[in-house]
Amino acid sequence: MFVRSGIAYFALIVTFTIVYAHSHSHSDESPAFKYSKHANEQKEHDDKIYEPDYNLYVSALCSTLFISIVPFFILFFIPIDGTIEKQPLLKILLAFASGGLLGDAFLHLIPHALMPHNDKQGHSHSHSHSHGTQEHSPHDITVGLGVLGGIITFLVVEKTVRLFSGGHGHSHGDKKKTDDKLKKKTKDNKNKQEDIKIAGYLNLAADFTHNFTDGLAIGASFIAGQSIGYITTVTILLHEIPHEIGDFAILVQSGCSRKKAMLLQLLTAFGAISGTFISIYLRGSGEGLVSSLILPFTAGGFIYIATVSVIPELLEGSNNKFSQSIKEIIALLAGVYMMVLIAQYE
């Protein structure tokens, strides 16, 4: 409950920040310009541009619903649940999910966050310094700080949830040793299950922000043109299908039933819908905030979930079968390769 309310709170902060930034975008105009003839003509022109276009809203929102519903129906055909018999397949899908999360972070989110910075610097990635003139241009560390911020934030959230849920306890010394061992084992199993559930909710939070950025992209693309909007929709759909399958596997591993996992995945679609609506309402003016804050933050969340929550589960739950290990490694590489293909054709 604590994590779910945190997800809603974070979404509210993101929405408020973008709207606030948009409403203050013209605050630096001088009074002389503000009341000039040129300013009034510009205002009339802007009013025409920003006149609500309901067809644009309908097209963009329908496309957003389409990319949310299609992966949802595909999940009906994924034959996994929490039973022991399906554990090998579940582990393979978890490996696929970790590859997809890492590939998404390093090949999609971070490069997109770096694009505006590269444009400002003339696409220069040179690390050379001009020693003759003793000048040194500092590197832009905004994206890197955003990624680290995402990792640290998810760590803090997980630590906080563990504290509120009682943390890891110790056995009392006045009990018999056998009873202590049984109690400790039971408590460790309970704590492990609780930790897995936390990982599932953290993944939902990251997935919500990721869908939010997808919605912003769809809205901005439909503003540029309907054909561009449909191309972007297909691209995001191809990107979402493997991502949603991986997220579904993580939720099932977290202890959710198939039905609950599917419903939770469907709820994250509200992130995409809100992102699309805000993007059209602001006419793409919040793209700078998205690139500098939301994309790297989400990338940090994906990296944390893949390396801290998912991959350790693969190592801990390994049954030491060579064939199963090979399948998991291939699945992980397949998840990365899917993101490589999508990044190439974006």
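Please read these numbers as outputs of a predicted model, since none were measured by experiment.

Engineer: Is there a simple way to explain the overall build of the protein chain in this structure?
Structural biologist: Looking only at helices and strands, the protein chain features 12 helices and 0 strands. Seen in sequence order, the protein chain has helices and strands lined up from the N terminus as α-α-α-α-α-α-α-α-α-α-α-α. Considering only contacts in the protein chain between residues 6 or more positions apart, those separated by 24 or more positions represent 85%. Accessible surface computed for the protein chain: about 20,000 Å², of which carbon and sulfur atoms make up 65%.

Engineer: Mind showing me how you'd approach the side chain of Asp214 here?
Structural biologist: Looking at the secondary structure, you find Asp214 in helix H7 (residues 177-224). Among residues more than four places away in sequence, those in contact with Asp214 are Ile236, His239 and Glu240.

Engineer: What's the story with empty space enclosed by the protein in this structure? I'm lost.
Structural biologist: A water-sized probe, rolled over the atoms, reveals where empty space remains. For the structure on display, the rule yields 4 cavities of 30 Å³ or more. Roughly 120 Å³ of internal volume is contained in the largest cavity. In terms of lining, the largest cavity is formed by 13 residues, of which the most central are Ile67, Ser68, Asn211, Glu240 and Glu244. For the lining of the largest cavity, the elements supplying multiple residues, two or more each, are helix H4 (54-74), H7, helix H8 (226-253), helix H9 (258-267) and helix H10 (269-282). The residue makeup of the lining of the largest cavity, split by class, is 6 nonpolar, 4 polar and 3 charged.

Engineer: I keep staring at the UniProt feature "transmembrane region" (unreviewed entry) in the protein chain and nothing clicks. Help me out?
Structural biologist: Here, UniProt's "transmembrane region" (unreviewed entry) annotation points to residues 56-78, 90-110, 141-157, 263-282, 294-314 and 326-345. Secondary structure over residues 56-78 splits into 83% helix and 0% strand, and the C-alpha atoms at its two ends are 35 Å apart. Helix makes up 100% of residues 90-110 and strand makes up 0%, while its end C-alpha atoms are separated by 28 Å.

Engineer: Which parts of the structure should I look at to understand the pattern of salt bridges?
Structural biologist: Here the idea is simple: oppositely charged side chains can pair when their charged atoms come close. Counting across every chain of the model gives 1 salt bridge. In this structure, Glu158 engages Arg162 in a salt bridge whose closest nitrogen and oxygen atoms are separated by 3.1 Å. Highlighted residues: Glu158 and Arg162, both in helix H6 (residues 142-164), separated by 4 residues, approximately one helical turn. Among the residues examined, Glu158 registers a relative accessible area of 5% and is labelled buried.

What counts and how
- Residues numbered from 1 in each chain as written.
- Predicted model: local features only at pLDDT ≥ 70, side-chain atom pairs only at ≥ 80, totals over all residues.
- Heavy atoms only, no water.
- Helix = DSSP H or I, 4+ residues; strand = E, 2+ residues; numbered from the N terminus.
- Contact = heavy atoms within 4.5 Å.
- Areas by Shrake-Rupley, 256 points an atom, 1.4 Å probe, with all protein chains shown as cover.
- 1 Å grid on protein atoms, 1.4 Å probe; cavity = no way out; pocket = protein on both sides within 12 Å on 5 of 7 lines; lining within 4 Å.
- Points joined across faces, edges and corners; volume = space filled by probe spheres on them.
- Nonpolar A, V, L, I, M, F, W, Y, C, P; charged D, E, K, R; others polar.
- UniProt positions renumbered as here; feature names shortened; annotations may be inferred.
- Salt bridge = Lys/Arg side-chain N within 4 Å of Asp/Glu carboxyl O.
- Buried < 20%, exposed > 50% of the residue type's maximum accessible area, 1.4 Å probe, protein only.

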